[in-house]
Structure formats: C-alpha cells, structure tokens
Amino acid sequence: MKIKVFFVSILAILMTVSLYAETPMKIGFINVKKALFESSEGKRSLSVLQAQKEQIEKGLALKKAELDNKAKELQEGIMLSEAVKKQKKDELEILKKQFMQEVNKQKRILKADEERHTKRIIEDVVAMARKIGEAQGYDLIVEATIVQGLLYSKYKVEDITNKVILEYDKLHNIQPAQ
C-alpha cells in the first residue's frame, strides 16, 4: 500500500511539472502479473514448476503408501509381543515425523524455485518495459495496480503489456504465446 501511495505521489508530481512543459507526458503501464503468466517464458517456467511438483507428489505418495502399509501391518500384528509392538509403533512414529519433515522440505524447495523463476521473469519484463519506454519516448511507465488507483489524468495512460510480452518473447527467440 505504501508503494502504491508513493508511486501515485510521484505520478502527481510529474504531472504537475509537465503542466509547465510544452509537450504532454507519455505514460504507459504494464500488468506484470499478466506478463508473467502470458509470456512464453512464463508459461514455460510454469510448466517446469508443474512437472517438478507432480514428480515430488508422486515420490511423496509412494512414501505415504509405505507408511500406511507399515501402520496396517502394526494393526494386524495380533501375534506380536507388547515389546515388539511398542518398538514398531515407535519406529512408525519416527517414520511419520521424517515423512512430514520431507513434505515440508519439498514445499520449501518448490516455493524457492517458484520465487526464483518469478523473480527472473519479472526482472526481465521490467528491463523490457524500460527498453520500450526509452525507445518509444515514454516519460513514465508504472505497474497496472498503480493505474487502478489513478482517478483522473489529463494524459492518456497506455497499456503496453502486450508490447512488452511480444518483445520479451522475441528476446528469448520464442514464438509469441497463443
């Protein structure tokens, strides 16, 4: 929220300054979330992350099935002595704790990978927006959420998201996303 207020304040100051200038301000905005999910690189990263998640889930499902089998064996172990039952129950509890630690570890790994992919793409998209802004003479380019807070502007505020996605895909020598 503070960032939004900051950017809206900067936008207001720039617009005030430009009132005294001869040429109108050229303002653009980009929907970073859209660029993240609709660019070819974003779709590729999402696909990689989804495959990684599915692989992890399969491995965890196998480990869970093993735990369930051990628990079932323990319940069906009527002939076992109390000492052996206690030992197997203790072993099962240790395995359950290890399983939960593994689940949490895999969640952290997935989250870190997602953040790494997202950060890289967002940095590239911002750099591409800057490049387009400089090449096409924009005075200001902001994120779409900032524009949502803008109630009025005497200047046209242009959505350049699709331009950024197109140029970003070209940068990676990828055909535009369909």
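These notes cover the structure that comes with them. All of these numbers come straight from a predicted model, not from anything done at the bench. (Residues numbered from 1 in each chain as written. Predicted model: local features only at pLDDT ≥ 70, side-chain atom pairs only at ≥ 80, totals over all residues. Heavy atoms only, no water.)

## Brief notes about the overall build of the protein chain
Alright, step 1. Within the protein chain one finds 6 helices and 3 strands.
Alright, step 2. For the protein chain, the N- to C-terminal ordering of α and β elements is α-β-α-α-α-β-α-β-α.
Alright, step 3. In the protein chain, buried positions account for 28% of the 178 residues.
Alright, step 4. Taking as baseline every contact in the protein chain between residues at least 6 positions apart, the subset at least 24 positions apart corresponds to 82%.
Alright, step 5. Summing over all exposed atoms, the protein chain offers an accessible surface of approximately 12,700 Å²; the carbon and sulfur share of this is 58%. (Helix = DSSP H or I, 4+ residues; strand = E, 2+ residues; numbered from the N terminus. Buried < 20%, exposed > 50% of the residue type's maximum accessible area, 1.4 Å probe, protein only. Contact = heavy atoms within 4.5 Å. Areas by Shrake-Rupley, 256 points an atom, 1.4 Å probe, with all protein chains shown as cover.)

## What to know about the pairing of strand 2 (residues 140-143)
A regular strand carries its side chains on alternate faces of the sheet.
Alright, step 1. Across the two faces of strand 2 the burial differs, with Leu 140 and Val 142 buried and Ile 141 and Glu 143 not buried at all.
Alright, step 2. One ladder, built from 4 bridges, connects strand 1 (residues 27-30) with strand 2; its direction is parallel. Counted as the bridge partner of Gly 28 is Ile 141 from strand 2. (Pairing = 2+ DSSP bridges.)

## Side note on the side chain of Ser 45
Alright, step 1. Here Ser 45 is to be found in helix 3 (residues 40-76).
Alright, step 2. Overall, the relative accessible area of 2% leaves Ser 45 in the buried class.
Alright, step 3. Apart from the residues lying within four places of it in its own chain, the contact partners of Ser 45 are His 117, Arg 120 and Ile 121.

## Side note on helix 6 (residues 161-171)
Given 3.6 residues per turn, any residue in an α-helix points the same way as the ones three and four places further on.
Alright, step 1. Among all positions in helix 6, only Thr 161, Val 164, Ile 165, Tyr 168 and Asp 169 are buried. Buried residues of helix 6 fall within an arc of 130° about the axis and therefore sit on the same side.
Alright, step 2. Those residues of helix 6 hidden inside the fold are in contact with strand 1, helix 2 (32-38), helix 3, helix 4 (82-135) and strand 3 (157-159). (Arc of directions from axis to C-beta.)

## What to know about the packing of helix 3 against helix 4
Alright, step 1. Running from N to C, helix 3 and helix 4 cross one another at 175°; their axes reach a closest spacing of 10 Å. Taken together, the axes of helix 3 and helix 4 lie roughly antiparallel to each other.
Alright, step 2. Partitioned by chemical class, the residues of the contact of helix 3 with helix 4 number 14 nonpolar, 5 polar and 14 charged. (Axes fitted to C-alpha atoms, helices over the stretch in contact; angles between N-to-C directions. Parallel < 35°, antiparallel > 145°, perpendicular 65-115°, else oblique. Nonpolar A, V, L, I, M, F, W, Y, C, P; charged D, E, K, R; others polar.)

## Concerning the packing of aromatic side chains
Alright, step 1. For the coordinates displayed, the defined rule picks out 0 aromatic pairs.
Alright, step 2. The ring centre of Tyr 138 lies 4.6 Å from the NZ or CZ of Lys 26, which sits over that ring. (Phe/Tyr/Trp six-rings, centres within 6.5 Å; stacked < 30°, edge-to-face > 60°. Lys NZ or Arg CZ within 6 Å of the ring centre and 35° of its normal.)

## Thoughts on the pattern of salt bridges
Alright, step 1. Per the counting criterion, the structure on display carries 8 salt bridges.
Alright, step 2. Between Lys 64 and Asp 68 there is a salt bridge, with its nearest N and O atoms 3.1 Å apart. Taken as a pair, Lys 64 and Asp 68 lie in helix 3 at a separation of 4 residues, close to a single helical turn.
Alright, step 3. Via salt bridges that share partners, Glu 41, Arg 44 and Arg 120 belong to a single interconnected network. (Salt bridge = Lys/Arg side-chain N within 4 Å of Asp/Glu carboxyl O.)

## Examining the sheet that holds strand 2
Alright, step 1. Reading across the sheet, the 3 strands line up as 2-1-3 and stay open at both edges, with parallel pairing between neighbours. Sheet topology places strand 2 and strand 3 at the edges, where each strand pairs with a single neighbour. For this sheet, the mean angle separating the axes of adjacent strands, direction not counted, is 30°.

## Concerning the nonpolar core
Alright, step 1. One finds Ile 30, Ala 35, Ile 121, Val 125, Ile 132, Ile 160 and Val 164 to be the most contacted residues of the largest nonpolar core, which totals 14 residues.
Alright, step 2. Looking at this core, the elements with two or more residues in it are helix 2, helix 4 and helix 6.
Alright, step 3. Contacts of Val 164, omitting those with residues within four sequence positions, involve Ile 30, Val 125, Met 128, Ala 129 and Ile 132.
Alright, step 4. Counting residues in hydrophobic clusters, the runner-up holds 9 residues, among them Met 25, Leu 140, Ile 146 and Val 147. (Core = buried A, V, L, I, M, F, W, Y, C linked by side-chain atoms within 4.5 Å.)

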